[in-house]
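Descriptive analysis of the structure
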2 protein chains.
Amino acid sequence: MPSYTAPVKDTQFVLHDVLAVTASDIPGYADLEADFTGPVLEEAGKICSEVLSPLNPVGDREGCRLENGVVRTPTGFKDAFDRVRDGGWTALDMPEEFGGQGLPHVMGTAVGEYFSAANQAFTMYQGLTHGAASAILAHGTQAQKDTYLPKMTSCDWTGTMNLTEPHCGTDLGLMRTRAVPQGDGSYHVTGQKIFISAGEHDMADNIIHLVLAKIPGGPEGIKGVSLFIVPKFIVNADGSLGARNGVSCGKIEEKMGIHGNSTCVMNYDDAVGYLLGEEHKGMRAMFTMMNEARLGVGMQGLAQADVAYQNAVAYAKDRLQGRDVTGTKNPNGPADPLIVHPDIRRALLDQKSFVEGARAFMLWGASLIDRAQRNDDAAADGLISLMTPVIKGFLTDEGYDMTVRAQQVYGGHGYIEEWGMSQFTRDARIAMIYEGANGVQALDLVGRKLAQDGGRHVMAFFEMVKTFIKDNEDDARLKKDFLDPLKAASKDLQTAGMFFMQNGMKNPNAALSGSYDFMHLFGHVCLGLMWARMAKAALAALDAGKPDVAFYETKLATGRYYMTRRLPATALHLARINSGAAPVMTLEAANF
Amino acid sequence: MPSYTAPVKDTQFVLHDVLAVTASDIPGYADLEADFTGPVLEEAGKICSEVLSPLNPVGDREGCRLENGVVRTPTGFKDAFDRVRDGGWTALDMPEEFGGQGLPHVMGTAVGEYFSAANQAFTMYQGLTHGAASAILAHGTQAQKDTYLPKMTSCDWTGTMNLTEPHCGTDLGLMRTRAVPQGDGSYHVTGQKIFISAGEHDMADNIIHLVLAKIPGGPEGIKGVSLFIVPKFIVNADGSLGARNGVSCGKIEEKMGIHGNSTCVMNYDDAVGYLLGEEHKGMRAMFTMMNEARLGVGMQGLAQADVAYQNAVAYAKDRLQGRDVTGTKNPNGPADPLIVHPDIRRALLDQKSFVEGARAFMLWGASLIDRAQRNDDAAADGLISLMTPVIKGFLTDEGYDMTVRAQQVYGGHGYIEEWGMSQFTRDARIAMIYEGANGVQALDLVGRKLAQDGGRHVMAFFEMVKTFIKDNEDDARLKKDFLDPLKAASKDLQTAGMFFMQNGMKNPNAALSGSYDFMHLFGHVCLGLMWARMAKAALAALDAGKPDVAFYETKLATGRYYMTRRLPATALHLARINSGAAPVMTLEAANF
């Protein structure tokens, strides 16, 4: 059975050596001393290793069952959820007024990674609750906040998001679900939603569905969509639970993975709903939840890659097979461990350099959200808005590929379910799809985010890279190994952006044909920047004579691997982008 | 439910327009007129579409069950196998003296692709039989051939290959299975083999296991391994079936995919075995089977990519979602079909250009085997030996990635099992692992095949590419779009080979750190060559005024896509190779 150990030391390195959180001017960051964050991370790691990780294969094997309208979660999930609640892990970055601990988002992200790595399917129940609560927090009335948030903060009640219908996913303007005003401020919601994660289950007293629907007579298409709170049980004025609402689970989908999470067809039949935010402005409210969810999904890519990597390393050190071609390394054994072989190391270093780079990227992104929210900083808000599709698309594509590489290290044992590596791959696969398939992320990036606010945010990103290079290029240890490759990669990204500007106006397809490559190009530059920053931090730690030299030396070596072997992918992405629309658009649909 | 249509027109194009089989000097090729191969391919396509493809999800859902030592295959498999036997599809390229049809290998390959695409798990039962029969044909005594081959040709008896043991897969020198001579020419085989595909099932009267084992007292390690024929039922002198042999299935593995094939733990307990080939020369005999199997596995990569692509195209034309940014294409519908969107086309063209290039590569490879065997041509034998790891490794890695892309086109529907796209991905995953994990293929290529016979075969390959370019560069339609990119890619491959020569002698790890990239680099050059040859053939057809202009124009457009958007990957692979051993070998194992 696979195991999981929370990478606390690595997280601490990013928080303190790289991001220097306590020196930040973001309110609340000064409290994030290493001897505070350390124990929090250790405790989180403990419940992940001891409770959630052992349940991961159980969830995969048993799945969820729909019995007489009730969804049964896998053995042990209910007890584990109680332990998660008791530990306060659902409330970390929720406001104190609603029972949360009011910690910055960066801490929620650091801990969230561990939970996702240990058990993605399980963690989705609380992840969706968090997202729904955030939407209520941002767009709800005070009464709505008071009614729902305390219970959702503790996950006594869980949440869902309901967008997709059988005939529409990406194109929500086609939506058919209707919400009819009842004259008393409430609505009756009727329609069918599919792919509703955690839509129905036996682990919470109530489930608060956020449902997109159209109010009859409203504008056509996406402009006529509103968002509704539809609780499974109506909440009485005194906060107690009242009648069962007209919402039920019609079916649980059989999926490739995340079997432990109930993916439901939800039927709404004159269900009582309450408008969240304004009429016909449902997408705006839903995007509060969706942007958070997209970052959470990007984190899942990193998380699955990390747990798969950890197990692949253990196997590569343990499994004896073949001899080191340059000389036996394990003369007393029948063979050398797999890890002596260059190609096994190549596969492992692809994973390691991705995981550590992605973690830094993720936590930096979380700090931008904190800055945007706590310092009311529009530049930070614009930057994370620009980065959101990159984090979602790049980290889930790469994360999935890394689980495949980890599985490959096991040879045939990676393909049989007994060893658990197949589950990481199957679970990671969904992250490329949900919360907007990665092609849609690329479209969002190139079609919307790049030009947002006159292109100010992408220019700010380039400026930041340039400044970092300029500020550090006197350090010869950084220049050749880190800054020069970063400069080249960043130039590829700028050239690609230029190509879009010059060609995209005349022909949008010239830009959109390269959108997927642009997303990956951008992702590589971000990870290159993170590795340069980590290298700087590692050198500073070594210069300061910090103990654990091997830890910092390993960071440098892993970073050099990324800069040498992964970052040059930017040139390939640029070459494809520069080929424009013709290769992609020439064929008539009939000739595919 | 997904469907499958055999791409007969594309196969015919490769056989006749590209390879010009009837003009070949390979014995038997003159008979392969288009009006002979066409109906054979159509008939094969029919049984694949009508019988095997509908059984594919059934096999996935039901899997195989072990009941009291008997393995039950999924509903319908047994009847389907009878229909395959009745159609003579098991015997296409087996010698006529043993009941086969004596067709060239190229025809077996063309048809084999269809079978694998329609139902990989099912087709493995006959594929392994073919491999085992080939090993007996090449290394058996006349008596062994007469005893086993007629029944194996018809698949009344099926075959298996037994290499892996719990503690060793790649490193077979560690093998523990023992074969003790009984003095009467037979041996008693005892040991446990795992991951035995089609190891036990209910679809054949007998199962002929080819088992690697060590004869006590023989040389240590891999040099002391011999190959044995171990039938499930002992065959009497008159050909009738005698006693049950001491071999049994101990367990069926739960796997990520290919559920319809029984992957067995096989226990040998003083099972009667007969030496195949010479004592201690078992690996040589097994490699006859393994080389064939590796090509067959490469074909599976192509095949799964094709069936996944076919379904993705159908979905992309059917599913209405969003509008073409350059103007509505389906004004009477609520939205445009997915295929209008550039990024969907990008994903589909990645698949299409791979599948068609890979098919040409596969059939060209098969023609090399025919030339090697039928013309006793050592150069062809050397070339296909060099190509075997490329075909296995590159086509299965890429094939898998293409199934992932096809699945992605379906969005959330790609992740639920109902639509069948998940199965293609899960089934395709094994091809990267079995018959030598792809890292081992890369090692074989760089560590052994490149330098084989003084590097003669790789030089011949470069010469062939060079000659093709030289012979055709006067055609301006080929030069810029096809020959120039091919020349650049081929130069990258030569530069990489040069790097290995200059650095690999001093430090083998300098070469082995780049082995995986070299395998992919080589694969891209091969597909680039195939596309250049297909483009030439398409232009010739157009020049000759052949009808179906759209078919040939589509070939040219698809080829241009490959040359523009896929082939430039060679530069990235070269960059990684040129970085040598340091990035990969620096870290101590403890620091991973």
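A brief structural summary. (Residues numbered from 1 in each chain as written. Chains lettered and ligands numbered in written order. Predicted model: local features only at pLDDT ≥ 70, side-chain atom pairs only at ≥ 80, totals over all residues. Heavy atoms only, no water.)

The next thing to look at is the relation of the copies chain A and chain B. Once chain A has been moved 0.0 Å along the axis and rotated by 180 degrees, it coincides with chain B to within an RMSD of 0.0 Å. In short, the pair behaves as if placed about a two-fold rotation axis. Among all residues of chain A, the minimum C-alpha distance to the rotation axis is found for leucine 572 of chain A, at 3.3 Å. (Least-squares fit on C-alpha atoms with pLDDT ≥ 70 in both.)

Consecutive side chains of a regular strand alternate in pointing toward one face of the sheet and then the other. Residue and element names in this part refer to chain A. Extensive coverage of strand β6 (residues 206–214) is indicated by the burial of nine of its nine residues. Neither face of β6 is exposed, since Asn206, Ile208, Leu210, Leu212 and Lys214 on one face and Ile207, His209, Val211 and Ala213 on the opposite face are all buried. Sheet topology places strand β3 (residues 157–162) next to β6; six bridges connect them, and they run parallel. When the sheet's bridge partners are listed, threonine 158 is paired in β6 with isoleucine 207. Here β6 pairs with strand β7 (residues 225–231) via seven bridges, running antiparallel. Residue pairing in the sheet places leucine 212 in a bridge with leucine 227 of β7. (Buried < 20%, exposed > 50% of the residue type's maximum accessible area, 1.4 Å probe, protein only. Helix = DSSP H or I, 4+ residues; strand = E, 2+ residues; numbered from the N terminus. Pairing = 2+ DSSP bridges.)

So, about the side chain of aspartate 93 of chain B. Residues and elements named next belong to chain B. Structurally, the position occupied by aspartate 93 is in the loop between α3 (77–86) and α4 (105–118). Polar contacts involving the side chain of aspartate 93 include one to the side chain of histidine 105, which spans 3.3 Å. When near neighbours in sequence (up to four residues on either side) are disregarded, aspartate 93 contacts Leu103, Pro104, His105, Gly108 and His130. (Polar contact = N/O pair within 3.5 Å; in protein donor to acceptor, adjacent residues only side chain to side chain. Contact = heavy atoms within 4.5 Å.)

Looking now at the pattern of salt bridges. In the structure shown here, the tally under the stated rule is 72 salt bridges over all chains. Notably, a salt bridge pairs arginine 477 of chain B with aspartate 475 of chain B, separated by 3.1 Å at the nearest N-O pair. Connected through shared salt-bridge partners, Asp10, Lys352, Glu356 and Lys555 of chain A make up one network. (Salt bridge = Lys/Arg side-chain N within 4 Å of Asp/Glu carboxyl O.)

Contacts between chain A and chain B engage 89 residues on the former and 89 residues on the latter. Of the roughly 7300 Å² buried between chain A and chain B, counting both surfaces, carbon and sulfur atoms make up 61%. Contact with chain B buries area across many residues of chain A, yet Tyr415, Arg565 and Phe592 of chain A alone supply 13% of it, more than any other trio. Our enumeration of links across chain A and chain B arrives at four salt bridges. Glutamate 418 of chain B serves as the salt-bridge partner of lysine 251 of chain A, at 3.1 Å between the closest nitrogen and oxygen. There are 45 residue pairs in polar contact (both at pLDDT 80 or more) connecting chain A and chain B. Its residues assigned to classes, the side of chain A that touches chain B comprises 42 nonpolar, 26 polar and 21 charged. (Buried area = accessible area lost by both parts, 1.4 Å probe. Nonpolar A, V, L, I, M, F, W, Y, C, P; charged D, E, K, R; others polar.)

This part covers the environment of asparagine 267 of chain A. All names here are of chain A. You can see asparagine 267 is positioned in strand β11 (residues 263–275). Given the relative accessible area of 27%, asparagine 267 is considered partly exposed. A C-alpha to C-alpha distance of 44 Å links asparagine 267 and proline 39, two positions 228 residues apart in sequence. Once residues within four sequence positions are removed from consideration, asparagine 267 is found in contact with Gly191, Gln192, Gly246, Val247, Ser248 and Gly250. Polar contacts involving the side chain of asparagine 267 include one to the side chain of glutamine 192, which spans 2.9 Å.

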